[in-house]
Each structure stands twice: as structure tokens, then as C-alpha cells.
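Coordinates in review
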Amino acid sequence: MAKAESYKSTCSYCGVGCGILAEKDTKGRITLQGDPDHPVNKGMLCSKGMNLHYVVEDKSDRLLHPQMRWGKSHPLEKVDWDTALERAAAVFSSIIEKHGPDSVAFYVSGQCLTEEYYLVNKLTKGYLKTNNVDTNSRLCMSSAVMGYIKTLGEDSVPIAYEDIELADCFLVAGANPAWCHPILWRRIEKHKEENPGVKIIVVDPRVTQSCSIADIHLQLNPGTDEVLYHALGRCLIEQGDINLEFISNHTDGFESYKELVMKTSLKEAAKICGVPEVDIKTTASLIGNANGFLSLWTMGLNQSADGVNKNLALIDLNLITGHIGKPGSGPFSLTGQPNAMGGREVGGMATLLACHRNLSLPKHREEVAKFWGVDEISETPGKTATQVFEGLEDGSIKALWVICTNPLVSMPDARKVEAALKKARFVVVQDISNKSETIPYADLVLPAAGWGEKEGTMTNSERRISHLSKFTKAPGEALPDAEILMRFAQKMGFSGFDFSNMEAVYSEYCQMTKGTNIDISGLNYDYLKNRGSVQWPFPSGAQGGTRRLFTDLQFHTPNGRAQIQISGPKNNYEKPSENFPLILTTGRVRDQWHTMTRTGKVNKLKKHLPSPFLEINPSDAAERGIADGSTVLVSGARGEVRVHAQLTEKIKKGVVFLPMHWGKILQNDFARANNLTGNAIDPISKQPDFKYSVAQVRLY
Ligand code: SF4
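Residues numbered from 1 in each chain as written. Predicted model: local features only at pLDDT ≥ 70, side-chain atom pairs only at ≥ 80, totals over all residues.

1. Some details on the overall build of the protein chain
Secondary structure assignment for the protein chain yields 24 helices and 28 strands. Relative to the compact-globule value of 27 Å for 700 residues, the protein chain shows a C-alpha radius of gyration of 24 Å, a close match. C-alpha extents for the protein chain along the principal axes are approximately 70 × 65 × 60 Å. Taking all 700 residues of the protein chain together, 58% fall into the buried category. Put simply, 73% of the contacts in the protein chain that link residues at least 6 apart link residues at least 24 apart. (Helix = DSSP H or I, 4+ residues; strand = E, 2+ residues; numbered from the N terminus. Rg over C-alpha atoms; globule rule 2.2 N^0.38 Å. Buried ≥ 20, exposed ≤ 12 C-beta atoms within 10 Å, placed from the backbone. Contact = placed C-beta atoms within 7 Å.)

2. Some thoughts on the domain arrangement of the protein chain
By the assigned domains, the protein chain splits into domain 1 (5–57), domain 2 (67–140 + 339–498), domain 3 (144–333) and domain 4 (582–699). Measuring from the centre of the C-alpha atoms in domain 3 to the corresponding centre in domain 4 gives 27 Å. Contact residues are listed per partner, giving 19 residues for domain 3 and 22 residues for domain 4. Looking at the side of domain 3 that touches domain 4, the elements with two or more residues in it are helix 5 (142–152), helix 6 (177–180), helix 13 (299–302) and helix 14 (307–320). (Domains from an automatic or database assignment.)

3. Description of the site of the ligand
Close contacts around the ligand come from 14 residues, with C11, C14, C18, C46 and G49 the closest. Counting residues per element, the ones that place at least two in the shell around the ligand are helix 1 (47–50) and helix 7 (182–194). Of the residues belonging to the shell around the ligand, the class tally is 9 nonpolar, 4 polar and 1 charged. Two domains each donate at least three residues to the shell around the ligand, and these are domain 1 (5–57) and domain 3 (144–333). (Near = placed C-beta within 6 Å. Nonpolar A, V, L, I, M, F, W, Y, C, P; charged D, E, K, R; others polar.)

4. Describing the nonpolar core
Counting 183 residues, the largest nonpolar core has F170, V172, I201, L228, L232, I287 and L400 as the members making the most contacts within it. No other element matches helix 14, which puts 8 residues into this core. The contacts of L232, once residues within four sequence positions are left out, are I280, T283, A284, I287 and L317. Of all hydrophobic cores here, the second largest spans 28 residues; its members include L614, A621, V634 and L676. (Core = buried A, V, L, I, M, F, W, Y, C linked by C-beta atoms within 7 Å.)

5. Some details on the packing of helix 8 (residues 225–238) against helix 12 (residues 277–288)
Contact pair helix 8 / helix 12: the axes reach a minimum separation of 9 Å and the direction vectors enclose 60°. Taken together, helix 8 and helix 12 sit at an angle that is classed as oblique. As for how helix 8 packs across helix 12, the hand of that crossing is right-handed. Here A231, L232, C235 and L236 of helix 8 lie close against helix 12, whose contacting residues are I280, K281, T283, A284, I287 and G288. (Axes fitted to C-alpha atoms, helices over the stretch in contact; angles between N-to-C directions. Parallel < 35°, antiparallel > 145°, perpendicular 65-115°, else oblique. Left-handed = near helix turned anticlockwise from the far one by under 90°.)

6. Observations regarding the packing of helix 17 (residues 385–394) against helix 19 (residues 414–423)
For the pair helix 17 and helix 19, the least separation of the axes is 7 Å and the interaxial angle reads 50°. On the basis of their axis angle, the class for helix 17 and helix 19 is oblique. Crossing of helix 17 against helix 19: the hand is left-handed. Here F389, L392 and E393 of helix 17 lie close against helix 19, whose contacting residues are K416, V417, A419, A420, L421 and K423. When grouped by side-chain class, the residues that make up the contact of helix 17 with helix 19 number 6 nonpolar, no polar and 3 charged.

7. Considerations on unusual backbone geometry
The omega torsion across W536 and P537 is 0°, close enough to zero to call that bond cis. In this structure, P537 sits in the loop between strand 21 (534–535) and strand 22 (562–563). We note that F550 has phi near 65°; this positive angle belongs to a residue other than glycine. Mapped onto the elements of the fold, F550 is located in the loop between strand 21 and strand 22. Phi is positive for K686, which is not a glycine, with a value near 60°. Tracing the backbone through its elements, the reader meets K686 in the loop between strand 27 (655–659) and strand 28 (693–699). For K686, a count of 24 C-beta atoms within 10 Å translates into the label buried.

8. Details of the sheet that holds strand 5 (residues 77–78)
Strand order in this open sheet of 7 strands is 5-4-18-17-16-6-7, and the pairing throughout is mixed. The open sheet has two edge strands with one neighbour each: strand 5 and strand 7 (133–135). The sheet contact formed by strand 17 (residues 426–431) and strand 18 (residues 444–447) spans 4 bridges and is parallel. Bridging from a neighbouring strand, D431 pairs with P447 of strand 18. (Pairing = 2+ DSSP bridges.)

9. A short note on the sheet that holds strand 26 (residues 640–647)
Spatial strand order, 23-27-24-26-25-28: 6 strands in a closed barrel with mixed pairing. Between one strand axis and the next, the sheet turns by 45° as a mean value, whatever way the strands run. In this structure, strand 24 (residues 613–616) lies alongside strand 27, joined through 2 bridges in antiparallel fashion. Paired with I616 across the strands is V656, a residue of strand 27.

10. Quick notes on the environment of G625
Relative to the elements of secondary structure, G625 occurs in the loop between helix 24 (618–623) and strand 25 (631–635). As a C-alpha pair, G625 and V445 span 180 residues in sequence and 46 Å in three-dimensional space.

11. What about the pairing of strand 13 (residues 330–333)?
By the alternation rule, side chains of strand 13 split into G330 and F332 and P331 and S333, which are all buried. Here strand 12 (residues 293–297) runs beside strand 13; their pairing, made up of 4 bridges, is parallel. When the sheet's bridge partners are listed, W297 is paired in strand 13 with S333.

12. Some thoughts on the environment of K24
For K24, the location among the structural elements is in strand 2 (residues 19–24). Taking the C-alpha atoms as reference points, K24 and A4, 20 residues apart in sequence, are found 5.5 Å from one another. For K24, the residues in contact, after removing those within four places along its chain, are A4, E5, I30, F471 and T472.

13. Remarks on the environment of R561
For R561, the position within the fold is in the loop between strand 21 and strand 22. Sequence separation between R561 and H250 is 311 residues; the distance between their C-alpha atoms is 4.8 Å. Here R561 is in contact with H250, T251, D252 and F555, once residues within four sequence places are set aside.

14. With respect to the confidence of the model for the protein chain
Mean pLDDT over the protein chain: 94, with 99% of residues reaching 70 or higher. As a predicted assembly, this complex carries a pTM of 0.96 together with an ipTM value of 0.99. (pLDDT = per-residue confidence, 0-100.)

Printed below as a string of C-alpha cells:
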């Protein structure tokens, strides 16, 4: 008699990377549980992970066949795969021939598997001869990437999750992990429950769920993070709580840093940040007295016109106290998406090359070209996410291929993105769901396989690489993203894409890492399937992965010393005015994911917060005659949003909050937060600002 089958996988939502056991019964029904043997989650799953199988089983919204239109005024019609990919190859070839390789671009996703990321990067940079391949990780992690590169020499998260249980002071900055990284947060909660002396400080303009176990909440004014971290640095110096031996033997830049932080008095800093002076002092004392100090951060710092500066100012706190490379300590960037880290490893961004190689270095370009057997890699940096859409707008980019992301909802200033896509000569959208708001702008729609319907690997926030099994068939004619890319490459006449399976793709990538700081040449599918997930690096001959980086205090900089950084020039935010006196910040809610194409169809998840809302302080509401539940119009320089008001003291006066998830189609027009966000980007990381736009609110 046939038996139920069990498969190991990894959750495909956030960057925590929880292990999942999927069981398929004899009728093909799927049930899930947390993998009790997985070192990340030890059997636990959050609400999103627990309900992942409903997304797989509900095929009602799935794209089933390639669809194409022959002209902009024609409707999309069903075609076969050969017709679809031959047309894509013909259009891409002709545009490249006429306008050059930089006239085409790929825009992919931190939810792509590493193998898919590797292939799209090889295809674009190696064969199409353009670096125009960027990802929605640009909206998520690129400021943290630059923060690590500038201080530690490479994009290397130094910590392991097991440092959580070894730390006694946590500074959670611009993050709400209780909702956005729940299983990691559960570990922090448990650690504090068992060790009441553990201190947690949360830095956020809103009172979030993460504040419920905080010893101190620094409810700062939006955009003032850097001032706060410098004030903490000043207090640490004044209190004598810095590690002079570490600073002198293993870092550069302390004197300039000291000079900078001493310029602003604590009193001035407290006023700018809108937090009590005493709380800054107490926080510095807690950091100064800690044996293990972890700083954790995510979008509140990254999604900012000053994202890199904010990252540097925070990482500096770990460097001046010597809290890095030892148990329970380190600067820990929480990854938003499940495989943003894997994408960075294979160089899947317009400004990166594979295996932490540097696009601006001729030697690194030559190494990559030689490995792929191509003449050269272009030295022209590719267009980043917002630049891609500007390129469509100004006509320098003619064709765009979008994979596994929904820019019509997720990009800032969404109306501009809409206008840009209308101007595009040719748009390909490759997705699993027909609910993507980007599809109406596509000339070619390609149905992709989803989680559980394809095999591959991902890397989580602690550099842990996990294998994801295929355990069910994709519906209709949907294909894995990697298979689609390989078929397209073959239609283009490119060699180098005749991989027999995903294991072969992964094996090629592993060889490419040899000799680099992220060497995983000792890793293969057999190891991952039979012995489980592993943290990089894992060079050939290694007996296991590498838990913690920099334990020898040798950093990846040219002189081996960490660089304490002073921030660059202050970048411009929009300024509140008479017309737009409020500051709008956007973010996630607990049970939804990105633009809701997956979580939006799971009833259990919709129950938590079923509709979009605006958080507004009661005194701002009273000034405008707004009651709790009133429908309000939120307006800004670029557009409007219509939602119901939620009056709460949890948000500061003068600040309002909108969730980022709701788009145009799913909730009937006006809920899209990115109607209001702007075009400010960090000048170094090119990450857009989603946390600071000016707005007005009135009763609708
Ligand atoms: Fe998935 Fe993140 Fe929840 Fe873990 S914490 S189950 S990875 S969404």
C-alpha cells in the first residue's frame, strides 16, 4: 500500500529560514510542520510558515500557460513555450542589436532560489553583456550590504543565531522582529524569560509588538537614527565603556569618529531625536556593561535616503566596544526576504559580481569572464531598481524582464513606475500568480513554478544554506524559473546553459566561490540533503560550516582592520510643509507578505488585519475631525491613498503609518502605500526611502 511521503524544505517567506517538513499523503494532500531537527527553528513555525501549504494547494490564481500579445493594443493570448521564448529571444536580440546591450534589463527577486539567481546573473552579465540585472533586494538590503562592505571589507554577516542565546544586551533598531522575524524573536523572548538580566532596547518611531518585552523604547523622530547612534557613541566614550585595545589593534578611524560624535552634545542629540537624555545614557550603560552585545536592524535603517550612514553609525557601536567576532556579539542585519543573501552571494545585483567580487576591479571582471568562458564582463555598472524604471521612462531601456516580484505595488512612487512600464517596448512578467498588478503591462506572461514545485537552495540571515525539495507538481504548463531562463538562453543561441538539473547549476556556482571569502567549494546537494543546512564558508575539505566570522579579528579589508566610519554628507529628506505637515512611514503587518499575491489568498492570515489602515496619533486625528474607523484620504505630492483611520498613541504625533502590502487590484484601488512614497534614494546603496515621505490626512 502506498504511504505518505515526507520532504524537507525551508520556509520561503522571511530571512529567518525556518526548516519545514512537508508531508504528502496518498491523495496528494500536503501538511506542514516545523522541522524539529532544524537548528534555526527547532520545530517552530510562525503563522505565515504554518500556512504555506494553502498557498501551494490553492491553484485558483495560478498562471497556467504562457500568454503573449502581438501588439500593445492586442489582448494577451495563450501560446506554447517555444513560441513565447522564441519571440522573447527575437525581441531581445533585435533591441540589443539596434540599441546596445544596456537597452535591456532584468528585475528579479530576493525570493528567487540561488540557482535561479546564478543563472539570471550569468545570462545577463556573461552573455547579454549588460550588468542591468537588479533585484527587489535593492529595496530591502542594499544599505546593509554597503554598511558591511565599508566597515568589515565585505558583505559578511558576522554572527550566528546561536549568539542570541549568548548575548545579554540587544539593540533592536528600525525593526519589528516580533512580527517580521517571529521565530528569531521567539528565541530572543525565551532567552530573556530564562535570563531576566538580559536587556532589550528597541529603537522605533512606533510602539511595535517588539516593544512589549523591551527594557527601553527609544521612540525617536523619523530620520534621526544616526544622531542617536552617535550620541550613544559619545556616551560610551565619555563613560570609558569602549574597548581601547580592540580599537587600537584591529580598527582604523577611531579618532575621526570621536571628533565627529563629540560635536553634538547629548542634550542637543536628545532634542533632535525626541527621546529623553536619560534613556540615551541608560542605553549606553547597558551596552557598556554587556558581555555580549548584538545590534539587530532591518528596514527602518536600510529603507532610507541615509540608509548607509545609519548602518555605519550602528555598526560603529559594535566596533568601538569590540563586540564582534566573539560569542553573543556582533552587528546583525536581519534579512527581509528568504534568499536576499543567496542573491548577493551570486552577485545578483547591478553593482555586484559573483562571490563578493567587485565589478569595478578589472581583475575580478576577468576572473568571472574566464570562469564563464566569455570574452569580458562590461565595466559599466548596471542600472539599479529605481534606475531601471527611470530608464524605461527616458527610453534608454526598451525591454524589461520581471521575475517573481510585483513592482507596480512594491516600488516607491508607484504611479511613476506605472508610467514607465507603459512606455516600455517589451515587458516580460514571469510569476506564479495572475494577481500580480504588473501583469496588465506585460507583452509576455510566463507561468512559473512555486515553492515545493521546484528544487534549489537559499541562504538565510546567518549565512545558512538550506536545500528546498520539490514535492509536488506545478500546475498547467508552469515551469521552474531556472528552466525558463535556460530555455531562453538556448533560444538566444548561448552555450553554457545546458545544465541537466539544479544540482549541476549549484555545483558550478560552488566551484566559482573557490578561494574567496565565501568559499563553499566543499558543499554539494548530497551534503545539504543528507547532513542538513550549513553556514558559509565551507571550503573543500571542511568538516562543517562556519558559525561566527572574524573570530581571529582579521577583517576582509585590505589591511585586515575593521574601519570605524564617519558618515558621509547628510542626504536630503522631504521637509514637512503647510500642505503636507505629517511624516508618513510604511511597513509590514504580521500575517501578510509583500504584495499579498500569496498570503492574500489564505483566509486564516487575512483574519489578523483584514484591511488596510492608517495609524494616526489621536491628537493629529482630533485636529482633523477624524474618529477611529473614519475613512481618510492620505495625500502627498505624488498621489493619494484612501483607507480607514486607526487612532493610536503607539505612533508619535506628527507621524502616520501605512502598511505596504495592499495594491490596486486586491483591495479595489486606493490602498497602495507607494502612491505616496518618493524618489529619494541613498546615494551609495541606491536603496529607496520608504520611511520618510511628507503627507496630509483629511476626512474623506
Ligand atoms: Fe517562515 Fe520567517 Fe515565519 Fe520562519 S519566521 S516560519 S522563515 S516567515
